[in-house]
Amino acid sequence: MKRNNIPLEIIEKNKAKISMALSIVTLALLCLIITQVDKAFVSAQDKKDSVSGQEAAGQEAVQEVSTSSIRILAVGSNIFDDNILASGQVNESAWNYDQIYSLVKDQISQADLSIVTQESVLTRDHNLTSGSSVYSTPVEVGSALVNTGFDIIASATEHADDFGSDYLRNTLEFWQSTYPDTVVLGIHGSQEDAANIRVVERNNIRIAFLNYAFGSNSDSIKNDAPFMVDYLERERVTSAIAQAKGISDCIVFLAHWGTLENAVPNEYQSQWTQFLLQQGVKVLIGSHPLTLQPCQMLSDANGNEMLVYYSLGSFVSGAQSAPELLGGMAEFTLEKNTIDGQSSVKITSNNLNPTVMHYSENLNICNVYPLSAYTDELAKSHGVGAIDYYSAEAMSVSAFQSLFDYIMRIPVASSGNTNLLDCTFNPDSTLTGLDGSIIYPGEIAAANAEDGSLSSLLQVMSGERAAQQSDGVMESSVMQQAE
């Protein structure tokens, strides 16, 4: 066989072509590998970024949801009759009333906000104090309230103008100069101040507080300076609520109203209650009757919900009848929830704890007691026994508890009427309608008013009257927790 001889030059050229082809293939493979690796890296990074984005979005969603709450405590009327005034007169110049509140101080000071109704004006002149018919109270009582832990003083009462505008201005001067951080409601030194809604912020919740009285014992301020005391007038209240809604998260309304010495809310209270519920008020707290009245949680078809304490009775007083010695200490919690910038407030808990105003005949003991800390020994030594035989016979811890349970079961009828919202109260306790007609106190009494009279309440305490049962009415000292 003849062997072909291939020139060296051609062999070298073929080797170069093969080498070039291999290089091209290798380079292509490397490019392909690099591209795939890059795609895998980008994909992994995208997944990582996606997960991170989802986590960030989740974190952002959590940040847009916030919840805060506030616990508020409220008591009824702080009214110093002559016998209570005497209890703090250490000597001619040194008067002090801190001791009266010492047994409830811890509970009051531990709340986020505490409220009391101060029935009368305050004076620095001890010679100008008065504790019967018309009331003027020493400024040392104001100091005792602050020392006890009260943050808010409700001052719109029928006694606010017992001594005219000068005493009211002196009262405002005392609060502003001595305790400027204390919030004073219901009385004003100027028309401009009367237009300012009191808003208190605690725990990121802004609460507007409004305080109005049904009327007064005198027409002097109504005629001379109507802006000085806030009175229950439909147009005035409606305007204030509208203003309050724009600058707060919710409204707490304090109303000085009701029938003296009666535990049954009257028609005037019922009409205003329904009106305030429809206006979106969250909590309604009453004072004036000097007796405790029932409490309820109300709602309407528009989704409004309102907690109502019709009257917390007397906190401090020199009452001369046993049923008027029973008061109530209300506690409730408001919770604010904010989602995507939209806030709502709901009542998450509420209760009412009974208190007893105790004083001895010689005034060496003068204290507000939680009923849970009161004793039969104290009850039998109460100074009311020297004043009223029937009250003395009724005094015991179990009698006070029975009375409290009885009052909590009193049914309160809702009202669809509004005719009393435009009435004006007169110093003689009559009402004047828009048409000039006179409405007498008996005409606004509830149908079961007799069940709340002092005589009926004394019968309950003495065991002569059975506890009243009524479906749908709060029945225990601790009200049902709000849903």
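Residues numbered from 1 in each chain as written. Predicted model: local features only at pLDDT ≥ 70, side-chain atom pairs only at ≥ 80, totals over all residues. Heavy atoms only, no water.

(A) Highlighting the overall build of the protein chain. Looking only at helices and strands, the protein chain has 13 helices and 20 strands in total. Within the protein chain, the proportion of its 483 residues that are buried is 51%. Sequence separation of at least 24 residues holds for 72% of the intrachain contacts in the protein chain that already meet a minimum separation of 6. Roughly 22400 Å² of accessible area belongs to the protein chain as shown, and the carbon and sulfur atoms make up 50% of that amount. (Helix = DSSP H or I, 4+ residues; strand = E, 2+ residues; numbered from the N terminus. Buried < 20%, exposed > 50% of the residue type's maximum accessible area, 1.4 Å probe, protein only. Contact = heavy atoms within 4.5 Å. Areas by Shrake-Rupley, 256 points an atom, 1.4 Å probe, with all protein chains shown as cover.)

(B) A look at the packing of aromatic side chains. All told, the structure shown has 15 aromatic pairs when counted by the stated rule. A centroid spacing of 5.2 Å and a plane angle of 90 degrees characterise the contact between Phe80 and Tyr97, whose relative ring orientation is edge-to-face. Within this pair, whereas Phe80 is found in the loop between β1 (65–78) and α2 (82–87), its partner Tyr97 is found in the loop between α2 and α3 (105–110), the two being separated by 17 residues in sequence. Each member of the pair, Phe80 together with Tyr97, is buried. Between Phe163 and Tyr167 the ring centres are 4.7 Å apart and the planes differ by 20 degrees, which places this aromatic pair in the stacked class. On the basis of relative accessible area, Phe163 is assigned to the partly exposed category, the value being 29%. When its relative accessible area of 16% is taken as the criterion, Tyr167 is described as buried. Joined through ring pairs, the aromatic side chains of Tyr101, Phe150 and Phe315 make up one cluster. (Phe/Tyr/Trp six-rings, centres within 6.5 Å; stacked < 30°, edge-to-face > 60°.)

(C) Broad picture of the packing of helix α12 (residues 397–408) against helix α13 (residues 454–462). Axis separation between α12 and α13 bottoms out at 8 Å; the angle between their running directions is 130 degrees. Of the possible angle classes, the one that applies to α12 and α13 is oblique. By crossing handedness, the relation of α12 to α13 is classed as right-handed. Here α12 contributes Ala399, Phe400, Ser402, Leu403, Tyr406 and Ile407 to the contact with α13, which in turn contributes Leu457, Val460 and Met461. For the contact of α12 with α13, the residue count by class is 8 nonpolar, 1 polar and no charged. (Axes fitted to C-alpha atoms, helices over the stretch in contact; angles between N-to-C directions. Parallel < 35°, antiparallel > 145°, perpendicular 65-115°, else oblique. Left-handed = near helix turned anticlockwise from the far one by under 90°. Nonpolar A, V, L, I, M, F, W, Y, C, P; charged D, E, K, R; others polar.)

(D) Focus on the sheet that holds strand β19 (residues 431–432). Overall, antiparallel pairing links the 3 strands, which are arranged β18-β19-β20 in an open sheet. Two strands close off the open sheet at either side, each with one partner strand: β18 (424–425) and β20 (438–439). Taken together, the 2 bridges between β18 and β19 define a ladder with antiparallel strand orientation. Bridge pairing in β19 places Thr424 opposite Thr432. (Pairing = 2+ DSSP bridges.)

(E) Molecular detail of the pairing of strand β16 (residues 342–359). Strand direction decides the pairing type here: strand β15 (residues 326–339) and β16, joined by 14 bridges, are antiparallel. When the bridges of β16 are listed, Asn337 appears paired with Ser344. The antiparallel pairing of β15 with β16 creates a hairpin that spans 2 residues between the two strands, and Asp340 there sits at a positive phi of about 50 degrees. Where β16 lies against strand β17 (residues 366–370), 5 bridges are found, and the strand directions are antiparallel. What sits directly across from Thr355, in β17, is Pro370. Counted between consecutive antiparallel strands, the loop separating β16 from β17 contains 6 residues, among which Leu363 sits at a positive phi close to 65 degrees.

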